[in-house]
Amino acid sequence: MGKALIIGAGGVASVVVHKCCQNPDVFEEICIASRTLAKCDALKDKLDGGKTIIQTARLDADNTQEIIDLIESFKPDIVINVALPYQDLTIMDACLATGVDYLDTANYEPLDIPKFEYKWQWDYRERFEKAGITAILGSGFDPGVTGVFCAYAQKHYFDQIDYIDIVDANAGDHGYPFATNFNPEINIREITANGRYFEDGKWIETEPLSQKKVYDLPEIGPKDIYLLYHEELESLAINIKGVKRIRFWMTFSEKYLTHLRVLENVGMTSIEPIEFEGKMIAPLHFLTKVLPDPASLGPRTKGKTNIGCIIQGTKDGKPKTYYVYNVCDHQESYEEVGSQAISYTTGVGAMTGAMMVLKGIWKKPGVFNVEEFDPDPFMDALNKYGLPWHEDFAPVLLD
Ligand code: NDP
């Protein structure tokens, strides 16, 4: 059916590549392009020989012209951006210059100010519309599947959604005292930022990790969950019309938070560059280099993730509650694709979103978040490609 250029060769990209190769009727040809060619070649060596034809290329995705040149030589139907959020705009610019559809899993971030805002990418709406091409933003798990879960709830179960609580639990244990499950820099920037949630048309800021509850999650058990800001809140607050409150919660163990507090207190999580031996370095960039590579956690991680949406509202004038979630097992993910569940849940979301575009189901000119499309074919594909979901119509609610 089509050709995909996959940019990045880290934990998430590896899952995207495996999943594209499991779906060769849609992904007939892929090109894996990243900064370190050896990582692209290692993926190709592992998966070559199936129906999907695989190429690799070295690419610096900070350089728009390099991306344009690669697009012009490979001629993809879609670019799947699973590099880092810093590359979103250069890649979108290259897609505009060449007239190719775009998809990513994380909003653009400037290197120096962690913002978690869609503003920069939403500014491309008119240009994508005029060019007649589609950009899908945030098609991982959260953002990604969580947005599709909300759209599915809205379409099938509610006339009006009032409250959404997104709960992201990771009960995986990798045996290290401290490591992050995906890119450490992005992960730590997210957690050390102020919390924020949407209520009655306003954004309410909270001190980092200051709101804590315990939630008993299916297949995982009771866990400490903390209120965080997460990027899908911004688009869902607009796209789920009339929603009164949306919050995002994530689990952290006491051990993880103790390490994080110490690193913060000594200044290691700062992105403000300091001079060291005549060179300017951001402490967080240095920290990223000494922490375990997320890709190396796969073989060590045991346990499950559970990510879902607890939704309250009304249907036919009556109050209604609904919980939709996926449980993903770290070891089963590793056995299937060689990555743990965090990369797995993100990579399946990215492949599925790209498949929606290639099949023409989620294809219209402009820049969109996933909840703006018909959720049903995406939800069907999740069941087929490794992220089966479950429903509960009487969940315990968060106050
Ligand atoms: P990794 O750090 O494992 O991989 C990032 C990859 O991007 C690496 O291969 C890296 O190259 C490559 N890269 C970085 N800079 C450039 C550049 N300038 N040009 C070309 N390639 C580059 O990250 P993950 O795989 O864990 O995460 C990938 C993305 O997925 C991130 O944007 C992350 O925020 C997002 N994510 C989204 C989630 C969701 O649910 N929506 C959840 C988890 C992650 P090199 O190998 O040389 O370092």
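Here, every reference points to the structure presented above.
Residues numbered from 1 in each chain as written. Predicted model: local features only at pLDDT ≥ 70, side-chain atom pairs only at ≥ 80, totals over all residues. Heavy atoms only, no water.

Attention now moves to the overall build of the protein. Summing up its helical and strand segments, the protein has 14 helices and 18 strands in all. Taking 21 Å as the expected radius of gyration for a compact globule of 399 residues, we find that the protein reaches 20 Å, a close match to that expectation. On the principal axes, the C-alpha backbone points of the protein span a range of 55 × 55 × 40 Å. Here the protein, with 399 residues, has 56% of them falling under the buried criterion. Within the protein, contacts between residues separated by at least 24 positions form 72% of all contacts whose residues are at least 6 apart in sequence. Of the roughly 16,200 Å² of accessible surface on the protein, 50% is carried by carbon and sulfur atoms. Measuring between centres, the 39 positive side-chain charges of the protein sit 2 Å from its 59 negative side-chain charges. (Helix = DSSP H or I, 4+ residues; strand = E, 2+ residues; numbered from the N terminus. Rg over C-alpha atoms; globule rule 2.2 N^0.38 Å. Buried < 20%, exposed > 50% of the residue type's maximum accessible area, 1.4 Å probe, protein only. Contact = heavy atoms within 4.5 Å. Areas by Shrake-Rupley, 256 points an atom, 1.4 Å probe, with all protein chains shown as cover. Lys, Arg positive; Asp, Glu negative; His and termini not counted. Charge placed at Lys NZ, Arg CZ, Asp CG, Glu CD.)

Let us now look at the packing of aromatic side chains. According to the stated counting rule, one finds 19 aromatic pairs in the structure shown. Between Tyr-152 and Trp-389 the ring centres are 5.3 Å apart and the planes differ by 65°, which places this aromatic pair in the edge-to-face class. Of this pair, Tyr-152 sits in helix H7 (residues 145–156) while Trp-389 sits in strand S18 (residues 389–392); the two residues are 237 residues apart in sequence, bridging distant segments of the chain. Judged by relative accessible area, Trp-389 falls into the buried class, the value being 16%. Clustering of aromatic rings is evident, with ring pairs tying together Tyr-152, Tyr-157, Tyr-322, Trp-389 and Phe-393. (Phe/Tyr/Trp six-rings, centres within 6.5 Å; stacked < 30°, edge-to-face > 60°.)

Closest axis-to-axis distance for the helix H12 (residues 330–337)/helix H13 (residues 341–358) pair is 8 Å, and the angle between their directions is 65°. Viewed along their axes, H12 and H13 form a crossing whose handedness is left-handed. Across the interface between the two elements, His-330, Ser-333, Glu-336 and Val-337 of H12 pack against Ala-341, Ile-342 and Tyr-344 of H13. Its residues placed into classes, the contact of H12 with H13 shows 4 nonpolar, 2 polar and 1 charged. (Axes fitted to C-alpha atoms, helices over the stretch in contact; angles between N-to-C directions. Left-handed = near helix turned anticlockwise from the far one by under 90°. Nonpolar A, V, L, I, M, F, W, Y, C, P; charged D, E, K, R; others polar.)

Bringing the packing of helix H3 (residues 64–74) against helix H4 (residues 88–98) into the picture now. For the pair H3 and H4, the least separation of the axes is 9 Å and the interaxial angle reads 45°. Relative to H4, H3 is oriented oblique. Remark: the crossing between H3 and H4 carries right-handed chirality. The segment H3 lies against H4, with Thr-64, Ile-67, Ile-68, Ile-71 and Glu-72 engaging Thr-90, Ile-91, Asp-93, Ala-94, Cys-95, Ala-97 and Thr-98. Tallied by class, the residues present in the contact of H3 with H4 amount to 7 nonpolar, 3 polar and 2 charged. (Parallel < 35°, antiparallel > 145°, perpendicular 65-115°, else oblique.)

To continue, consider the side chain of Thr-105. As for its position among the elements, Thr-105 is in the loop between strand S5 (101–104) and helix H5 (119–122). Non-local contacts of Thr-105, meaning those with residues more than four positions away in its chain, are made with Asn-81, Val-82, Gly-138, Ser-139, Gly-140, Pro-143, Glu-231, Thr-346 and Ala-350.

What follows deals with helix H2 (residues 37–47). Turning to H2, its buried residues number three or more, namely Cys-40, Leu-43 and Leu-47. End-on view of H2: buried residues confined to an arc of 60°, all on one side of the axis. Residues Ala-38, Asp-45 and Lys-46 are exposed on H2 and point more than 90 degrees away from its buried face. Of the residues one or two after H2, Gly-49 is the one with positive phi, at around 105°. (Arc of directions from axis to C-beta.)

Our focus in this paragraph is the site of the ligand. The ligand sits among 28 residues. The nearest are Arg-35, Thr-36, Lys-39, Ala-61 and Thr-105. Leu-59 places a main-chain nitrogen or oxygen 3.4 Å from a nitrogen atom of the ligand. Within the side chain of Thr-346, one N or O atom sits 3.5 Å away from an oxygen atom of the ligand. Relative to its free-state accessible area of 930 Å², the ligand is covered by the protein chains to the extent of 92%. Here the residues of the shell around the ligand sort into 13 nonpolar, 10 polar and 5 charged. (Near = heavy atom within 4 Å. Polar contact = N/O pair within 3.5 Å; in protein donor to acceptor, adjacent residues only side chain to side chain.)

In this section: the nonpolar core. Grouped together as the largest cluster of nonpolar side chains are 88 residues, with contacts concentrated most on Phe-27, Ile-30 and Ile-80. Of all the elements, H13 adds the most residues to this core, at 10 residues. Excluding residues that lie within four positions of it along the chain, Phe-27 makes contacts with Gly-2, Ala-4, Cys-20, Thr-52, Ile-80, Met-351, Ala-354, Met-355 and Leu-358. Counting 30 residues, the second-largest nonpolar core is a separate cluster that includes Ile-71, Cys-95, Leu-137 and Val-367. (Core = buried A, V, L, I, M, F, W, Y, C linked by side-chain atoms within 4.5 Å.)

As a further point, take the sheet that holds strand S6 (residues 134–137). Working definition: the strands of a sheet are paired by backbone hydrogen bonds and lie parallel or antiparallel to each other. A sheet is described by the order of its strands in space; here 7 strands give the open sequence S3-S2-S1-S4-S5-S6-S17, paired in parallel fashion. The open sheet terminates on both sides in strands that have one partner only, identified here as strand S3 (53–58) and strand S17 (366–369). Ignoring strand direction, the axes of neighbouring strands in this sheet form an average angle of 20°. Bridge analysis of S5 against S6 gives 2 bridges, and the strand direction is parallel. (Pairing = 2+ DSSP bridges.)

In total, this model carries 17 salt bridges according to the counting rule given. For Lys-212, the salt bridge is made with Asp-224, and the minimal N-O distance between the two is 3.6 Å. Here Lys-212, found in strand S10 (residues 212–217), pairs with Asp-224, found in strand S11 (residues 221–228); they are 12 residues apart in sequence, far enough to count as distant. Accessibility expressed as a relative area gives 25% for Asp-224, which makes it partly exposed. Measuring nitrogen to oxygen at the nearest pair gives 2.6 Å for the salt bridge that ties Lys-213 to Asp-399. With Lys-213 in strand S10 and Asp-399 in the segment after S18, this residue pair connects regions lying 186 residues apart in the sequence. Assessed through its relative accessible area of 21%, Lys-213 is described here as partly exposed. (Salt bridge = Lys/Arg side-chain N within 4 Å of Asp/Glu carboxyl O.)

Geometric descriptors of this kind do not, in isolation, establish any biological role.
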